[in-house]
Amino acid sequence: MNTQGKPVTSLAAVAYEAGKPLSLEEITVDVPKAHEVRIQIKKTAICHTDAYTLSGADPEGSFPCILGHEGAGIVESVGEGVTNVKPGDHVVALYTAECGKCKFCRSGKTNLCGAVRATQGKGVMPDGTSRFKNKNGEPLLHFMGCSTFSEYTVVADVSVVAVDPTAPLESACLLGCGVTTGYGAAVKTADVQKGDTVAIFGAGTVGLSVAQGAKARGASQIILIDINDSKKKYMNEFGATAYINPTKDLKEDETIVSKLIEMTGGGLDFTFDCTGNVKVMRDALESCHKGWGVSVVIGVAASGQEISTRPFQLVTGRIWKGSAFGGIKGRSEMGGLVKDYQKGSLKVDEFITNRRPFVEIDEGFRDLHTGDSLRTVLTFN
Ligand SMILES: NC(=O)c1ccc[n+]([C@@H]2O[C@H](COP(=O)([O-])OP(=O)(O)OC[C@H]3O[C@@H](n4cnc5c(N)ncnc54)[C@H](O)[C@@H]3O)[C@@H](O)[C@H]2O)c1
Ligand SMILES: [Zn+2]
Ligand SMILES: [Zn+2]
């Protein structure tokens, strides 16, 4: 059936209100306008950030909306002026756009892009309107420029990249957020070098992918810190050399900071927060080596939270920085990541702990909070 140029009916999970269950329903997805791409999503995973926005903790979350930002599918049709993808292409949606022309893109210093930032934050397409409406004709907002919890979605052309069609879409979708974020934070943002010592707070998909990046660079120690022991079984697979559960593995007079400083003879070369907890962010900074240790904030903290430390920590040479999407430029660097995955040097499938049909999305959200689960991939059929 040729759907090009016509609105399409699509199964979607609509988030009507923060803290309320998702509503599975048929929505209408409009025709892509100029510089827009309509994608038939085949696979989407659930990231912690979707759960965070759905919970209401995200001050910028607007409802009703269609969540989801780790997704891959096939281009169904394109609007006028789209040249980077064509119908039939296998693609990954990008919440960090890359236009190549704005001040950010031209700077060579960041992967952030200003092209669609303002409208993306408001949940609309660059022309200020939505392509989604429900049965009553009410518009539904977009999310992170992706909205992959819908069988069909519309994204800006700067927010999508074509990938090798021989790569499975269920693997490609994970490169749309968690795996790339952690791996990039290690190899790009931190630029870990051979022999460096690394500590990672939070052994979820993001943290374990930091570990695989550090391992790829030849780090000498890769210490995972997590309050959940059921993640320990992943440590060898992703290259960690030690695992500490601070709620039970510390002696009475020890703190996680003193323990890490002792284990590394003075502190870490690099630490990463992959929890979103601001107290953990402080511990991560303070366990860095005096003079040069770098701590990278990746976790997204709840609304209103602030970080703190004594300024002396910075005066004495520790560096605090952050990373979005691992510093990776989605359109120019995704192809390389897919190649690394295909060569076997970047683990992706190892993060898939659950597979479900899309209609089980609620159970998928529940998986996020259960024991040893990393990523749940949902399939549209
Ligand atoms: N900056 C970005 O671009 C970006 C991208 C993706 C995700 N994130 C954020 O990164 C974080 C991790 O994402 P994820 O998908 O791996 O989440 P996840 O929930 O799978 O993993 C988080 C891990 O942290 C552990 N943890 C929680 N509190 C802890 C504490 N006090 N001390 C030690 N460990 C603790 C949990 O047990 C869990 O294993 C989230 O905050 C997410 O929103 C940021
Ligand atoms: Zn994410
Ligand atoms: Zn740009």
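All residue numbers refer to positions counted from 1 along the written sequence of the respective chain. Throughout, the order in which chains and ligands are written sets their labels, letters from A for the former and numbers from 1 for the latter. A pLDDT threshold of at least 70 governs which residues receive local features in this predicted model, and a stricter bar of 80 or more applies before side-chain atom pairs are shown or counted, although totals over entire chains, interfaces and linings include all residues.

Trainee: I'm lost on the overall build of the chain in this one. Help?
Mentor: Labels follow the DSSP assignment, with helices taken as runs of H or I lasting at least four residues and strands as runs of E lasting at least two, numbered in each case from the N terminus. A tally of helices and strands in the chain yields 11 helices and 17 strands. Restricting the calculation to C-alpha atoms gives the radius of gyration, and the globule rule supplies 2.2 Å times the number of residues raised to the power 0.38. By the compact-globule yardstick of 21 Å for 381 residues, the chain fits well, its C-alpha radius of gyration being 21 Å. With the C-alpha coordinates of the chain rotated into their principal frame, the extents come out at 65 × 40 × 40 Å. Residues counted as buried form 49% of the 381 residues belonging to the chain. With C-beta atoms placed from the backbone, a residue is labelled by how many other C-beta atoms lie within 10 Å of its own: buried for 20 or more, exposed for 12 or fewer, partly exposed between the two.

Trainee: Sorry if this is basic, but what is going on with the sheet that holds strand β7 (residues 139-140) here?
Mentor: Strand pairing in a sheet relies on backbone hydrogen bonds. The paired strands run either parallel or antiparallel. Taken in spatial order, the 4 strands make up an open sheet running β1-β2-β6-β7, and their pairing is antiparallel. Looking at the sheet topology across the chains shown, the edges are occupied by β1 (8-14) and β7. By definition, two strands form a pair when at least two bridges between them are found by DSSP. For strand β2 (residues 23-29) and strand β6 (residues 132-133), the ladder comprises 2 bridges, and the chain directions are antiparallel. By the bridge assignment, Thr-28 is partnered in β6 with Lys-133.

Trainee: What exactly am I supposed to notice about the domain arrangement of the chain here?
Mentor: In many analyses, interface size is given as the accessible surface area lost on bringing the parts together. Its domain assignment divides the chain into domain 1 (8-176 + 348-379) and domain 2 (182-323). Start and end positions for the domains come from either an automated domain assignment or a database one. The centre of domain 1, based on its C-alpha atoms, is set 29 Å off from the matching centre of domain 2. Here, residues touch in the contact sense if the C-beta positions derived from the backbone fall within 7 Å of one another. On the domain 2 side, the residues contacting the 12 residues of domain 1 number 9 residues. The biggest single contributor to the side of domain 1 that touches domain 2 is helix α1 (residues 48-55), with 3 residues.

Trainee: Which parts of the structure should I look at to understand unusual backbone geometry?
Mentor: If a residue is not glycine, its phi is most likely negative; likewise, a peptide bond is most likely trans. Between Phe-63 and Pro-64 the backbone carries a cis peptide bond, its omega angle lying at -5°. With respect to the helices and strands, the residue Pro-64 is situated in the loop between α1 and β4 (70-78). Here His-35, not a glycine, exhibits a phi torsion of approximately 60°, which is positive. Along the chain, the position of His-35 falls in the loop between β2 and β3 (36-45).

Trainee: Explain the UniProt feature "domain: Enoyl reductase (ER)" (unreviewed entry) in the chain here, please?
Mentor: UniProt positions are given in the numbering used here, feature names are shortened, and annotations may be inferred rather than shown by experiment. Annotation from UniProt places "domain: Enoyl reductase (ER)" (unreviewed entry) at residues 19-378. Annotated as 26% helix and 21% strand, the span residues 19-378 places its first and last C-alpha atoms 21 Å apart.

Trainee: Would you mind going over the site of ligand 1 with me for this structure?
Mentor: Surrounding ligand 1, one finds 30 residues, the nearest of these being Gly-202, Gly-204, Val-206, Gly-276 and Gly-299. At the level of secondary structure, the elements contributing two or more residues to the shell around ligand 1 comprise α1, α5 (178-189) and α6 (205-216). Taken together, the residues of the shell around ligand 1 sort by class into 14 nonpolar, 14 polar and 2 charged. When we break the shell around ligand 1 down by domain, the ones giving at least three residues each are domain 1 (8-176 + 348-379) and domain 2 (182-323). Working rule for contacts: place C-beta from the backbone, and if it is within 6 Å of a molecule or strand, that residue counts as near it. Gly counts as polar in this scheme, as do all residues outside two lists: the nonpolar Ala, Val, Leu, Ile, Met, Phe, Trp, Tyr, Cys and Pro, and the charged Asp, Glu, Lys and Arg.

Trainee: Looking at this model, I keep getting lost on the environment of Val-297. Mind explaining?
Mentor: Turning to its location among the elements, Val-297 is positioned in strand β14 (residues 294-297). The buried category is assigned to Val-297, around which 24 C-beta atoms lie within 10 Å. Spatially, the C-alpha atom of Val-297 lies 14 Å from that of Gly-178, the residues being 119 residues apart in sequence. Once residues within four sequence positions are removed from consideration, Val-297 is found in contact with Asp-273, Met-281 and Gly-322.

Trainee: Help me out: how do you make sense of the nonpolar core in this one?
Mentor: Soluble globular proteins tend to bury their nonpolar side chains together. Here, a nonpolar core means buried Ala, Val, Leu, Ile, Met, Phe, Trp, Tyr and Cys residues linked by C-beta atoms lying within 7 Å of one another. Val-92, Ile-200 and Phe-272 are the most contacted members of the largest nonpolar core, which totals 103 residues. Of all the elements, α6 adds the most residues to this core, at 5 residues. For Phe-272, the residues in contact, after removing those within four places along its chain, are Ala-185, Ile-200, Phe-201, Gly-207, Val-210, Ala-284, Val-296 and Ile-298.

Trainee: Which parts of the structure should I look at to understand the sheet that holds β14?
Mentor: Pairing in this open sheet of 6 strands is parallel, and the strands run β12-β11-β10-β13-β14-β15 from one edge to the other. Across the chains shown, the open sheet's two edge strands, defined by having one partner strand only, are β12 (242-244) and β15 (319-322). Strand-to-strand twist of the sheet, defined as the mean angle between neighbouring strand axes without regard to direction, takes the value 20°. In the packing of α6 onto the sheet, contacts are made with β10 (197-201), β11 (221-225) and β13 (270-273), and the angle to β11 comes to roughly 175°. In this analysis an axis means a line fitted to C-alpha atoms, helices contributing only their contacting stretch, and an angle means the value between N-to-C directions, from 0 to 180 degrees.

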